[in-house]
Protein chains: 2
Amino acid sequence: MQVSLSEIKFDANGLIPAIVQDVDTNEVLMLAYMNQGSLQLTLEKGETYFWSRSRSELWHKGITSGNVQRVVEIRLDCDADTLLIRVHPAGPACHTGHQTCFYRTITKST
Amino acid sequence: MQVSLSEIKFDANGLIPAIVQDVDTNEVLMLAYMNQGSLQLTLEKGETYFWSRSRSELWHKGITSGNVQRVVEIRLDCDADTLLIRVHPAGPACHTGHQTCFYRTITKST
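Just so it is clear, the model here is predicted, and its values are computed rather than measured. (Residues numbered from 1 in each chain as written. Chains lettered and ligands numbered in written order. Predicted model: local features only at pLDDT ≥ 70, side-chain atom pairs only at ≥ 80, totals over all residues. Heavy atoms only, no water.)

## As for the packing of aromatic side chains
Residues and elements named next belong to chain A. To keep things clear, this is the line we draw: Classification of ring pairs uses Phe, Tyr and Trp, with its six-membered ring standing for Trp, and accepts pairs whose centres are within 6.5 Å; under 30 degrees between planes counts as stacked, over 60 as edge-to-face, and the remaining range as tilted. Remark: exposure states derive from per-residue accessible area (1.4 Å probe, protein chains only) relative to the maximum for the residue type, with buried under 20%, exposed over 50%, and partly exposed in between. Criterion for a charge above a ring: Arg CZ or Lys NZ at most 6 Å from the ring centre, at most 35 degrees from the ring normal.
A full pass over the atoms with the stated rule returns two aromatic pairs over all chains. With a centroid separation of 5.2 Å and 45° between ring planes, the pair formed by F50 and W59 is classed as tilted. On the basis of relative accessible area, F50 is assigned to the buried category, the value being 0%. Assessed through its relative accessible area of 25%, W59 is described here as partly exposed. Above the ring of W59, the side-chain terminus of R55 is found at 5.8 Å from the ring centroid.

Spelled out as structure tokens, the structure:
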């Protein structure tokens, strides 16, 4: 089922959360935020672009590290307020060097 | 690597986005939000509880549909501001009846 870009609901800050998943392993790599401009660039360039909330600037993922993410598929959820970006990552997603940003586990006792 | 609950960063509204993933298939099922109370309940009960932003109430996922999500593992990302909840789902995650809420695809041309 395909969906039009106009259906996407950006939040009050003009952002939408984007989950990034490795299309080969199905590992969840990271979550970042896109605005309309970064989503357009992602669609045009075929690599992930985000809006950095901390730096308030456009962020081409991997442009300095080389670990760009080649986009295979973009999915939208039922509420149209979350994106799932399925990618081929050129290297680790996390700035710590881990393949995924989700490398820590929470336990009840800690 | 384990992490303490006190390290988790809730946003200005006291919420943190929680990606829910099927632990068997690695399919990404949905994204919802937790506050401290719903995270505590999730840890205690072993099923997912969220904070419904639209209804402003605690939400035990699947309590009406029967499609509860049994929690296997909770991970935290490097920034400590996103959760990844790995679950055994008792049924479809989406209220539309789809297994995942991400059943729609965005294409450049649409």
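What follows picks up the thread again.
## So, the relation of the copies chain A and chain B
The cut-off we apply is this: Least-squares superposition of the copies uses the C-alpha atoms of those residues scoring a pLDDT of at least 70 in each of them.
Under the fitted operation, chain A is carried onto chain B by 0.0 Å of movement along the axis and a turn of 180°, and the coordinates agree to an RMSD of 0.0 Å. Within this description, the copies of the chain are treated as partners about a two-fold rotation axis. Measuring from the rotation axis to each C-alpha of chain A, the shortest distance belongs to N26(A), at 2.8 Å.

## Let's talk about helix 1 (residues 36–45) of chain B
Note that an α-helix has 3.6 residues per turn; residues three or four places apart therefore point the same way. Spelled out, the test is: What counts as a helix is a DSSP run of H or I of at least four residues, what counts as a strand is a run of E of at least two, and both are numbered from the N terminus. Directions are taken from the helix axis to each C-beta atom, and the arc is the one they span. Any two residues having at least one pair of non-hydrogen atoms within 4.5 Å are treated as being in contact.
Of the residues making up helix 1 of chain B, those classed as buried are S38(B), L39(B), T42(B) and L43(B). On an axial view of helix 1 of chain B, the arc spanned by its buried residues comes to 140°, and they lie on one face. For helix 1 of chain B, exposure combined with an orientation more than 90 degrees from the buried face picks out Q36(B) and K45(B). Contacts from the buried residues of helix 1 of chain B go to strand 8 (104–106) of chain A together with strand 3 (28–34), strand 4 (49–52), strand 5 (57–60), strand 6 (69–76) and strand 7 (83–89) of chain B. Positive backbone phi, at 75°, marks G46(B), one or two positions downstream of helix 1 of chain B.

## So, the side chain of R86(B)
Residue and element names in this part refer to chain B. What counts, and what does not: Any N or O atom pair separated by 3.5 Å or less is treated as a polar contact, with the protein-specific requirement of one donor-capable and one acceptor-capable atom, and with residues adjacent in sequence counted only for side-chain atom pairs.
Turning to its location among the elements, R86 is positioned in strand 7. R86 sits in the buried class, given a relative accessible area of 12%. Side-chain polar atoms of R86 contact the side chain of Q21, separated by 2.9 Å. In this structure, R86 is in contact with Q21, V23, N26, R70, V71, V72, E73 and R75, ignoring residues within four places of it in sequence.

## A short note on the sheet that holds strand 1 (residues 2–3) of chain B
As a reminder of what qualifies: A pair of strands is labelled paired if DSSP reports no fewer than 2 bridges between them.
Pairing within the open sheet is mixed, and its six strands lie in the order 1(B)-8(A)-6(B)-7(B)-2(B)-3(B). Edge positions in the sheet fall to strand 1 and strand 3 of chain B, since each of these pairs with one other strand and no more. As defined by bridge partners, strand 8 of chain A adjoins strand 1 of chain B across two bridges and the pair is classed as parallel. In the strand pairing of strand 1 of chain B, T105(A) is matched with Q2(B).

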